[in-house]
Each structure stands twice: as C-alpha cells, then as structure tokens.
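For reference, the chains in residue letters:
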Number of protein chains: 2
Amino acid sequence: MAVTLKDIALKAGVTTATVSMVINNKPNISETTKKRVLAIARELNYYPNVIARGLATKRNNAIGVVVPNIASGFIMRIMEGIKNTLRNANYTVILFDTIGQGITEYNLFQKVVYEGRVDGVIVITASSSDAELELFKKEKMPCILVAKHSAILDSIYVNNRGGSYTAVKYLIDKGHRNIGVVTVNRKNLNIEERLDGYRDALVEKSIPFRSELVYEATSDSMTDGAHLANKIINARQSGDNVPTAIFSPAGDMTAIGMIKEFKKRGLKIPEDIAVVGYDDVPAAEVVEPALTTVRQPKLEMGDLAINLIIDKVEKGDKTIESREFAAKFIIRESA
Amino acid sequence: MAVTLKDIALKAGVTTATVSMVINNKPNISETTKKRVLAIARELNYYPNVIARGLATKRNNAIGVVVPNIASGFIMRIMEGIKNTLRNANYTVILFDTIGQGITEYNLFQKVVYEGRVDGVIVITASSSDAELELFKKEKMPCILVAKHSAILDSIYVNNRGGSYTAVKYLIDKGHRNIGVVTVNRKNLNIEERLDGYRDALVEKSIPFRSELVYEATSDSMTDGAHLANKIINARQSGDNVPTAIFSPAGDMTAIGMIKEFKKRGLKIPEDIAVVGYDDVPAAEVVEPALTTVRQPKLEMGDLAINLIIDKVEKGDKTIESREFAAKFIIRESA
DNA sequence: TTGTATGCGTTATCAC
DNA sequence: GTGATAACGCATACAA
C-alpha cells in the first residue's frame, strides 16, 4: 500500500492539510513541525500521488506529444530534443499517436484535449488543417504546432522552401539545367513547400519547369529510389529530357537507392548525374559517394518546443508566436 | 469548461451515479434512460476525465515505458512494436527516461512506481541490477523487463550469446582463425553475453582466445570504427596477430566505420578482411559491401511486451514468465 | 431501476 | 501556525 498524506499526518500528530502545506513548501508553518513532518515523510518514503494532486489542482505536470506515427527518424530526433531539455522541469511527457488505433488525427486531438491527462501539447504534424487544430484553441489547451506555420496557434517550423531553393540553386550554379525532382505522396512531409523551393530556384535562373522531370516515389525507400533510377536511365537512353542532377525532397533513402542503382548501371556520381537528398539520415554519410542533403534542425526544434509549451502552461501566455528555423544545406560528395 | 457527469445528469434529470453506470455499460439500467443519457452525452461531447476516474478506480489505463535513453534505434523499434499492437486496447503509454534529469535509474523506478501514474511498466534496460528491479516486485507494480533475463520479474530477451556464436562460427567456417572482436563500454548493451558467444565459437573449434584481438570502442560510431581500423592495419604491418576478420558486437556503425577505413587504406572486404556487425541498422544495407550482421527481433519484442503487461494488469497474473527470442544472422556481403 | 452517500489522495478556503 | 471542511470528477456499495 502506498503511503499517503494521511499516514504522515497520523504519525506526526497533525492534519493532512498541514502535511500538504509542508510538502508544498507553503509559508506560515513553524520550523519545528516542518522538520518533524519532513522527517517522517522521508522515513516513510512518501511520494505524492500525482493523480490525486492533478484532480485537486487541475494541473498534471504532463505534456502531451501528439504525432501521426512515432516510427519516424524525424519525430524521434525532435523527441530527443524535447526530452533533453526537459531537465529539471518536473514534467512527464505522454506520447499520443494514431498508429494502429484506427482513429483519425482529429479523434486523437479530441482524446488528448478532453481526457484531461495533460496540461499542454506539442503537436508534430504537417497534415492537419487549421480547422482541426482550432480545437486546441477553442478548448484553451496550450499547444505548440511543430512542422508548419499556423496563424491560429504557436508554431515552430523549418523554412523548407528555402532549404530546397538553396539545394537546387547549388545544382544550377554547378551548371545543371535539367534537374529532376522526386516527390512522394505523404501529406505530413510538407512536400509542396519543398517543391516550391525547387521552382523558385528555377525561376530565378529563368529555367523552365518541366513536368517530365518530376518523378513520384510511393515512399522514402531504397527500392523506390532504385525503381526511379532505372526509369531515368531508360529515359536517358531514349534521348530527350535527360536529367543531369536529381533532387529528392522525398527523402534521403530514395536518393541513396538512386545512387546505388545509378552506380550499378555504370553511371558515375556526381560526374554523370548529381544527387541531392533531404533529411540527413545517418546512412547519408555512409553511402558512397556520401550524400549531399538538406538537414532540419530537429534537436533545436524539440528544445524550443518544450520550453515554449512549459512557458505557456505556467505563465498562461496567450500571445501567438511562431518561430522559423533555417534548413541547413550539407554539402558532401554526391553533388 | 469541460463537460462532466454532473452536466449530463442535470440535463437528463437523473443523478451522476446513473450516468456513470450508463457510461460504463453496467447492467440493470432501463433502455429508455440509457438511450436518453447516451444521447445527451454525445450531444454535449462528453469525455470521461481519466484523472478522476483513475483516482476512483485506482486504474489509470496507462502503461509506463521506462528506458535509460530514448535516443536509440533499438529502443525506438521496440516502442514501435509496442505502439503498433496497442491497437484497440485503450491504453496510453507514458515514456520515462533518465535523460538530462540528473537522476539514477533507480530514482526513476521510484518515481514511476510511487507517483501512481501508470498501472504497469515495461522496463527496457540491461544495466539495472536485480536488487534495483526488486522494487517493482516489492510494490506489486506489474512489470516486464525487456533486454535481459530476470529471475524475479517477467522478462523478454534475445539470445545474444547464441547470435554472436552463430556469427563467429560462420567466420570460422569460412576459414578465419584470427578473429578480432570489438567491445564497447556500455552496460546496457549486454556486451558480456555477446563476448561469451564469441568465446563459445572459439572453444568449439579449439581456437585459443587471445586478448590482443579484443579492441575497445568508446561508442558505437563510425569515427571509433575508423580509429580501430587504423590500429588494426598498423598491427598488420608489424606482422603478428593479424586478424583476418572482425566481429563488432559493439554495433553496426563501428563496423561500418571500419569497412570504410579499411577500403580507404586499400584493403578489400571481405577478401583481405571480413567484417560482421551487430544490430542491423538501416545503414548496414547502404554501406559497400553491404554489412553482414546480427539482428534482434525488436518489433516482435515490443509486441509481446505490451501484450504481456496488459494481461498482467488486467488479469492480475502473478506467474513469472520469461521468453527468449533468437537473434537472426543476416548474411550480406562483408563476410 | 435509480438515488444517496461515501471515498479515492490531494489542495484550498476558511476559521480558530 | 494549524485544524476542520469542502471540493476536484468519478465509481460503487447500499438503500429505496
């Protein structure tokens, strides 16, 4: 049986109210009783029951992290940033995701908001609409949106358009004019923004956008990359529209799959065809040639997110802030 | 303001007790009031406050996952398995780790047990002693230990000794007699077990164990691998004790770093020196030659862990079970 | 079939 | 300074 305030009160000859005040360091308690109560608490190895405390104070000291799917390197790095800076802050983080639960993201939002387990949330998703996110505002649940800009909530996001622009401009400056681009049909990847950056660079250099140079992957995987690489090589052989460089906002694994397939088919990277990825996964450094890619500052985003949300929760700050991070272009050998 | 049982009761003209019984699908409620209450609950968009419910029932529908550090691919894959099969089971998972909190693992155990937030825990660590783990038993907190065998708690673990044995035997069968082994000083890696497997294979084939063939990494990283590779090459040049194969129970990244450095120094893999890793990280498939390695069935372990713990929590099962998984030897090109 | 009363462990508002 | 007492939202034993 867990030891409660009552146990301590009984043993100390005071009431639970007094014990509670001692435990919470409230003023107006005599030094002597304070010492006695504290000693007994330690002796009995007392831990406050956070559930009961939460009921009484309407504060749980818990932050929810809401994600579509935890099985993503992107999200894990952000989580790492969150946990890393949680430090002394006495908060517990609770992970919510839709995985395997057969519910929509909005259902999950409702659950998180109405269940009452958390004091605030960090929502990491680019696939929810403002209409859905509105729920947090409506129910006055402190919330930080990570991954895209929002007009109605605090948000932390990366300038992916700028990241793509930098990458593509780099390719153009190297002399490339036919630059293929790999997209993927995953809503929470901000893929449209990334394509915009690609177009920006083209426009700036007066290079026409050509839809034949857009390749679609079904997921960010090496097999998809290999498949697309073959498609490109075949197009090369039939002559026209031969890309001399590929930019893969769909992700690094696709880019890596392409590199490996290009090499297998006898092409030299980056001489015959340059490749640029997106994400900077660990394998990007391993592939030969090492992958030039775009990195998002995930740890920093997680760090900022947890700090912001705790501020919101504790200070009741109501202003809507948003913070943009720059994507970092990592130049290695593949381009 | 969140809607409570009281709100529904008021509107339905019954008491909170009745509403509670309806919500929880208790028997002996007339169909008519049931329907009416349910309709109003839906209309008001009622969600039970899980904190209050937890206090009343002493059940939180929450499982704690306790880890030393979430920033590990191993743990993330297990988490993925856990979340994946959580499915309809109406449980929330709460992540606890010691990262950046300046507390010991045992302090964390205490927090988890005494705070009362969770009904059961999955502890993923190989670095805690039985004496520390005893706490869960003592306080009757249902617990599954993942990563090593335990006599006092349910446990799920991988036969790492067998996995190492298989890998090293494979090298021996390929004709290798001087097999280097890379260790790392990280307690929660079960490194000793893995070394035992290495020794087992040696003993079986009557090959003497030689401590000069043991190399120590400081972490599982490419830079450590490169460093060790150079050490080995230098030893080669001075003549004696030249390993013709390397087994890296310290992890794949170290093995990959070695491969890249060996290649840079002009050695051919696996002809001049064979390399076998441990873990099967995504990059293992990317390096050239692709890394032969040992994989632990992480998803399956997570799956079993969550099923077991929910059973324990719900059925109050008291027997101590343990389940061993076999490690899988993945043969690629580096050996 | 439904209402009344009580408790879960804690905090908070009063008196004294 | 400290003790009663109510309240948080819900569940449940018992009474009606």
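It should be noted that the structure appears before, not after, this text.
All values derive from a computational prediction rather than experimental measurement.

Rules used in this analysis
Residues numbered from 1 in each chain as written. Chains lettered and ligands numbered in written order. Predicted model: local features only at pLDDT ≥ 70, side-chain atom pairs only at ≥ 80, totals over all residues. Heavy atoms only, no water. Near = heavy atom within 4 Å. Polar contact = N/O pair within 3.5 Å; in protein donor to acceptor, adjacent residues only side chain to side chain. Helix = DSSP H or I, 4+ residues; strand = E, 2+ residues; numbered from the N terminus. Nonpolar A, V, L, I, M, F, W, Y, C, P; charged D, E, K, R; others polar. Pairing = 2+ DSSP bridges. Axes fitted to C-alpha atoms, helices over the stretch in contact; angles between N-to-C directions. Contact = heavy atoms within 4.5 Å. Expected span 1.5 Å × (residues − 1). Buried < 20%, exposed > 50% of the residue type's maximum accessible area, 1.4 Å probe, protein only. Arc of directions from axis to C-beta. Buried area = accessible area lost by both parts, 1.4 Å probe. Salt bridge = Lys/Arg side-chain N within 4 Å of Asp/Glu carboxyl O. Core = buried A, V, L, I, M, F, W, Y, C linked by side-chain atoms within 4.5 Å.

Peer 1: I keep staring at the protein's contact with DNA strand C and nothing clicks. Help me out?
Peer 2: Around DNA strand C, 26 residues are found, and the nearest of them are Leu5, Ser20 and Tyr46 of chain A together with Thr18 and Thr33 of chain B. Backbone atoms, meaning sugar and phosphate, make up 77% of the atoms of DNA strand C lying within 4 Å of the protein. One of the backbone nitrogen or oxygen atoms of Thr15 of chain B is found 3.1 Å away from a phosphate oxygen of DNA strand C. Residue Ala56 of chain B places a main-chain N or O atom 3.3 Å away from a base oxygen belonging to DNA strand C. Put simply, the parts of the chain that give the surface near DNA strand C at least two residues each are helix H2 (16-23) and helix H4 (50-57) of chain A together with helix H2 (16-23) and helix H4 (50-57) of chain B. Broken down by class, the residue content of the surface near DNA strand C amounts to 12 nonpolar, 11 polar and 3 charged.

Peer 1: I would appreciate a short explanation of the sheet that holds strand E7 (residues 214-217) of chain B in the present structure.
Peer 2: Hydrogen bonds along the backbone pair up the strands of a sheet, which may run parallel or antiparallel. Residue and element names in this part refer to chain B. Taken in spatial order, the 4 strands line up as E7-E6-E8-E9 in an open sheet, and their pairing is parallel. Strands at the two margins of the open sheet, each flanked by one partner only, are E7 and strand E9 (274-276). When the angles between neighbouring strand axes are averaged without regard to direction, this sheet yields 20°. Judged from the 4 bridges that link them, strand E6 (residues 179-184) and E7 form a sheet pairing that is parallel. Looking at E7, one finds that Val184 is bridged to Ala217. Against the sheet, helix H9 (residues 191-204) makes contact with E6 and strand E8 (245-247), and its axis sits at roughly 170° relative to E6, the strand it touches most. Sheet strands in contact with helix H11 (residues 252-264) are E6, E7, E8 and E9, and its direction is about 160° off that of E9.

Peer 1: I'm lost on the environment of Leu44 of chain B in this one. Help?
Peer 2: All names here are of chain B. With respect to the secondary-structure elements, Leu44 resides in helix H3 (residues 31-44). Taking C-alpha positions, Leu44 is 7.7 Å from Ile8, a pair spaced 36 residues apart along the chain. Apart from the residues lying within four places of it in its own chain, the contact partners of Leu44 are Val3, Asp7, Ile8 and Lys11.

Peer 1: Help me understand H3 of chain B, please; the structure alone is not making it clear to me.
Peer 2: Because each turn of an α-helix spans 3.6 residues, side chains separated by three or four positions in sequence point in the same direction. Residues and elements named next belong to chain B. Helix length check: H3 (14 residues) gives 20 Å between terminal C-alpha atoms against 20 Å at 1.5 Å per residue, within 8%. For H3, the full list of buried residues reads Thr33, Lys34, Val37, Ile40 and Ala41. Seen along its axis, H3 keeps its buried residues to an arc of 140°; they face one direction. With respect to the buried face of H3, the exposed residues turned more than 90 degrees away are Glu31, Thr32, Lys35, Arg42 and Glu43. The inward-facing, buried residues of H3 contact helix H1 (5-12) and H2. Where H3 terminates, the next one or two residues include Asn45, which has phi positive at roughly 60°.

Peer 1: Sorry if this is basic, but what is going on with the interface of chain A and chain B here?
Peer 2: How big an interface is tends to be stated in terms of the accessible area lost upon association of its parts. Residue-level contacts link 50 residues of chain A with 50 residues of chain B. For the pair chain A and chain B, the summed buried area comes to about 4,600 Å², and 58% of that belongs to carbon and sulfur atoms. On the chain A side of the interface with chain B, the three residues burying the most area are Ile51, Arg117 and Val286 of chain A, jointly 15% of the side's total. One can count 6 salt bridges joining chain A with chain B. For the salt bridge of Glu288 of chain A with Lys263 of chain B, the shortest nitrogen-to-oxygen distance reads 2.8 Å. If you look at where chain A meets chain B, you find 11 residue pairs in polar contact (both at pLDDT 80 or more).

Peer 1: Explain the nonpolar core to me, please; I cannot follow it from the model alone.
Peer 2: Across soluble globular proteins, you tend to see nonpolar side chains buried next to one another. Formed by 156 residues in total, the largest nonpolar core has its most connected members in Met79, Ile122, Phe247 and Phe262 of chain A together with Met79, Phe247 and Phe262 of chain B. For Phe247 of chain A, the residues in contact, after removing those within four places along its chain, are Ser164, Ala167, Val168, Leu171, Gly180, Val181, Val182, Tyr198, Val276, Gly277, Tyr278 and Val294 of chain A. Counting residues in hydrophobic clusters, the runner-up holds 40 residues, among them Ala62 and Leu135 of chain A together with Val66 and Cys143 of chain B.

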